[in-house]
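Coordinate inspection notes
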Amino acid sequence: MNRIDKLFQNRSGKILSVYFTAGFPSLHSTSQIIEALEAAGADMIEIGMPFSDPLADGPVIQNSSRHALDNGMSINLLFKQLADIRKKVNVPLLMMGYINPVLKFGLENFCRLCFETGIDGVIIPDMPPELFLKEYSVFFESYGLYNIFLITPQSDDGRIKYIDKISRGFIYMVSSSTTTGVKKGFSEDHRSYFKRINSMNLKNPRLIGFGISDNKSFEVACDVAQGAIIGSAFIRMLGETGSSKNNITSFIRKIRGGNNTVSAMPLFFKNIL
Amino acid sequence: MMKFNVDERGYYGEYGGAYIPEMMYPNVKELQDNYLKILDDEIFRKEFSLLLRDYAGRPSPLYYAGRLSAYHNTNIYLKREDLNHTGAHKINNTIGQILIAKRLGKTRIIAETGAGQHGVATATVCALMGLKCFVYMGKLDVERQAPNVLRMKMLGAEVIPVTSGNMTLKDAANEAIRDWISNPVDTHYIIGSVVGPHPYPDLVARLQSVISEEIKWQLTEHIGKENPDYIIACVGGGSNAAGSFYHYLDNEDVKLVAVEAAGKGINSGKSAATMVLGSPGVIHGSRTILMQNEDGQITEPYSVSAGLDYPGIGPLFAWLYKMKRVTFDNATDTEALEAAFLLTRLEGIIPALESAHALAILGKMKFKKDDIVVVTISGRGDKDMAAYMKYLGESDYKNI
Ligand SMILES: Cc1ncc(COP(=O)(O)O)c(C=O)c1O
């Protein structure tokens, strides 16, 4: 069974998935960051494959990608770094990046190495569903890999149902119409979007990403979806204070709101939903 | 044009398509579903052709360049896109796209620009239609194409300098795409060339096809036949070349030559000759040929000409190359500068640096005395005076 399915079977909510860019802050921090994240209580980890021209990303991930590439990161090297990662961690691992480097690497080869490494899923934002189904899904299937699709506030009901139908694992629910890394908080518009999706009875669980940066936004997301994805805020922390185990542990603890911190937001959201 | 038309999925053979994040899907889908209907609509066609005539000043002349012809010992006709309002072919596309944007109810326009000609052409039609305009321009290009930045400002556009990557055209397009992701409802993105996700390459090619439509009847007026032996145009993304070739694509008697920027030389590491240095991949939402390293990271291009300083090429051209319908050549910075001065001193026409690349290969081609050669002068050189004066100072140009 795919570890992603197992995670959502065992846990009904408050799932925290963390994205980081492989090769940042330093070239060889990849497996150390993954181990520290799992130890700190991250439920799932998205390993970013840096790209020179990340269209859907804001300045924070653009910069971490630039640094990672300058450091010498590549898909080839990343697979080498991850070769025995499954001896160390059990959480679901996803690879996230843009299509060009993956195509250059060779999509089938990429899927095979994901399988051999113990990767559970892939997120490639600029690989649209229609294209995936037509050209690439065979490779994903033969290697037991899930491809994760995105929905956005602009996705209409028909589109969402279509994506729900072809999705496996979970749906990546983009919170707002932005690139990554914008911290604005959630408005009335967000709430009606979250409510609309909640009322659709989708078969796949959802994680909310984009704009999750602290305990408050995490709690809001957890109240309207099975959990959330944090990227830019984590990378910002890595850039500012470094990737030590302590830093990662305290970051995750803060996001989760410590042991007994109760946020006021969920109640508020329960009322309006 | 039949053989090289885009298919229903937006592909030219294996090239093209729409490799876009889901955030762009509604906007791109809206365009895909509507662009052909709008282009075919009688009222649109009328508005478009009236604006091309009365506002942009079309048809642009097809000029027999006598002294240049004598110099190269053949017959050279210049398609004078430099004489259009705003000084380049870019206005053909922006007039068409602003009419489409209005039909789709958009109130905010964004664009990327390299040389600033597309930015100016976009700012111009936005002023004309009373729409807000935001132009993304690499910081390096803001500096080297300063006159166009001032024009955009006067036209009321906001010019946003882009500091990522090489701070040139590719990075400006990245930033425009990010803007569109962040403004998915009220905004239309007027792409400046035959690049980007489907339907842009086809849309822009159709809007620019007026160039070859005119060449056909103008050449008939000049010499009694519509087919030249050669048509030569520069390519950055490929819009002036696509427009110049469009109605001749199915006519194999006409040799089509596209000229890329070789920068400081193909093997100098400072070049923008995508067809020589590139390989298949995905850039700005379409599968095409692009300059990239072995890991699929996009390589930073270089050319003295901001409009050709782009690591990709429109998917139509990747296909035309593969089908051997278009021949590709390239010219270095120096060859282009030299050719710009040659044209200026022989004909009194100061071409854009981009267009000068097309002129630069005339000396290298083996024309017959009675060949008919059409060269598209995609734009005028006012914006490039700083580069031209620098060259004049360095080279002490005395060729004529
Ligand atoms: C005068 C001129 N010619 C050519 C180009 C290159 O674009 P394209 O290849 O789309 O014609 C530009 C782009 O900025 C331009 O300003």
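A quick note: this is a predicted structure, and the numbers were derived from the prediction, not measured.

Residue and element names in this part refer to chain B. Split by domain assignment, chain B resolves into domain 1 (20-52 + 90-204) and domain 2 (57-87 + 209-399). Computed from C-alpha coordinates alone, the two centres of domain 1 and domain 2 are separated by 22 Å. Between domain 1 and domain 2, the contact holds 33 residues from the first and 36 residues from the second. At the boundary of domain 1 and domain 2, one finds two salt bridges.

Glancing now at the site of the ligand. Residue and element names in this part refer to chain B. As a matter of local geometry, the ligand sits amid 18 residues, with Ser 193, Gly 236, Gly 238, Ser 239 and Ser 378 nearest to it. In this structure, an oxygen atom belonging to the ligand sits 2.5 Å away from a side-chain N or O atom of Ser 193. Within the side chain of Ser 239, a nitrogen or oxygen atom sits 2.7 Å from an oxygen atom of the ligand. For the ligand, whose accessible area on its own is 390 Å², the fraction buried by protein is 98%.

Residue and element names in this part refer to chain A. Within the open sheet, the nine strands sit side by side as β5-β4-β3-β2-β1-β9-β8-β7-β6. Their pairing is parallel. At either margin of the open sheet sits one strand with a lone partner, and together these are β5 (146-147) and β6 (150-151). Where strand β1 (residues 15-21) lies against strand β9 (residues 227-230), four bridges are found, and the strand directions are parallel. Along β9, the bridge assignment pairs Leu 16 with Ala 228.

It is worth spelling out the interface of chain A and chain B at this point. Every contact between the two is made by 36 residues of chain A and, on the other side, 33 residues of chain B. Summing both partners gives a buried area of about 2800 Å² for chain A against chain B, and 56% of it is carried by carbon and sulfur. Broken down residue by residue, the surface that chain A buries against chain B is led by Leu 55, Asn 100 and Lys 104 of chain A, which jointly contribute 24%. In this structure, the connection of chain A to chain B is made through three salt bridges. The residue Glu 135 of chain A makes a salt bridge to Arg 9 of chain B at a minimum N-O spacing of 3.9 Å. If you look at where chain A meets chain B, you find 14 residue pairs in polar contact (both at pLDDT 80 or more). Looking at the side of chain A that touches chain B, the elements with two or more residues in it are α3 (59-71), α5 (99-105), α7 (129-142), β6 and α8 (157-166) of chain A. Within the side of chain A that touches chain B, the residues separate by chemical class into 18 nonpolar, 10 polar and eight charged.

With that settled, consider the confidence of the model for chain B. Residues and elements named next belong to chain B. Model confidence for chain B is summarised by a mean pLDDT of 97, while 98% of its residues fall at 70 or above. Per-element confidence in chain B ranges from a low mean pLDDT of 93 for helix α16 (residues 385-395) to a high of 99 for strand β9 (residues 230-234). Scored as a complex, the prediction yields pTM 0.96 and ipTM 0.95.

The next subject is the domain arrangement of chain A. Residue and element names in this part refer to chain A. Once the domains are mapped, chain A shows domain 1 (18-147 + 231-272) and domain 2 (149-210). Centre-to-centre separation of domain 1 and domain 2, based on C-alpha positions: 19 Å. Facing the 22 residues of domain 1 at the interface are 19 residues of domain 2. When domain 1 packs against domain 2, close to 1700 Å² is buried across both sides, 64% of that on carbon and sulfur atoms. With a closest N to O distance of 2.6 Å, Glu 130 and Arg 159 form a salt bridge. Applying the counting criterion to the domain 1 and domain 2 interface returns five residue pairs in polar contact (both at pLDDT 80 or more).

With that out of the way, let us pick up the pairing of β1 of chain A. All names here are of chain A. The buried count for β1 comes to seven of seven residues, which makes it a mostly enclosed element. What you see with β1 is no split at all: Ile 15, Ser 17, Tyr 19 and Thr 21 on one side and Leu 16, Val 18 and Phe 20 on the other are buried throughout. The β-α-β motif built from β1, the intervening helix α2 (residues 30-40) and the parallel element strand β2 (residues 44-48) has right-handed crossover chirality.

What follows concerns the pattern of salt bridges. Per the counting criterion, the structure on display carries 39 salt bridges over all chains. Note that Arg 58 of chain B is salt-bridged to Glu 81 of chain B, the shortest N-O span being 2.7 Å. Of the two residues, Arg 58 of chain B sits in the loop between α2 (42-55) and β3 (62-64) while Glu 81 of chain B sits in the loop between β4 (75-80) and α4 (90-103), which places them 23 residues apart along the sequence. We classify Arg 58 of chain B as buried; its relative accessible area is 4%. Looking at Glu 81 of chain B, the relative accessible area reads 0%, which means it is buried. A salt bridge links Lys 139 of chain B to Glu 143 of chain B; its shortest N-O distance comes to 3.5 Å. Pair noted here: Lys 139 of chain B and Glu 143 of chain B are both in helix α6 (residues 139-144), with a separation of four residues, about one helical turn. Each member of the salt-bridge network shares a partner with another, and the members are Asp 53 of chain A together with Lys 170, Asp 171 and Glu 300 of chain B.

What counts as what
- Residues numbered from 1 in each chain as written.
- Chains lettered and ligands numbered in written order.
- Predicted model: local features only at pLDDT ≥ 70, side-chain atom pairs only at ≥ 80, totals over all residues.
- Heavy atoms only, no water.
- Domains from an automatic or database assignment.
- Contact = heavy atoms within 4.5 Å.
- Salt bridge = Lys/Arg side-chain N within 4 Å of Asp/Glu carboxyl O.
- Near = heavy atom within 4 Å.
- Polar contact = N/O pair within 3.5 Å; in protein donor to acceptor, adjacent residues only side chain to side chain.
- Areas by Shrake-Rupley, 256 points an atom, 1.4 Å probe, with all protein chains shown as cover.
- Pairing = 2+ DSSP bridges.
- Helix = DSSP H or I, 4+ residues; strand = E, 2+ residues; numbered from the N terminus.
- Buried area = accessible area lost by both parts, 1.4 Å probe.
- Nonpolar A, V, L, I, M, F, W, Y, C, P; charged D, E, K, R; others polar.
- pLDDT = per-residue confidence, 0-100.
- Buried < 20%, exposed > 50% of the residue type's maximum accessible area, 1.4 Å probe, protein only.
- Right-handed = clockwise from strand over helix to strand, strands pointing away.

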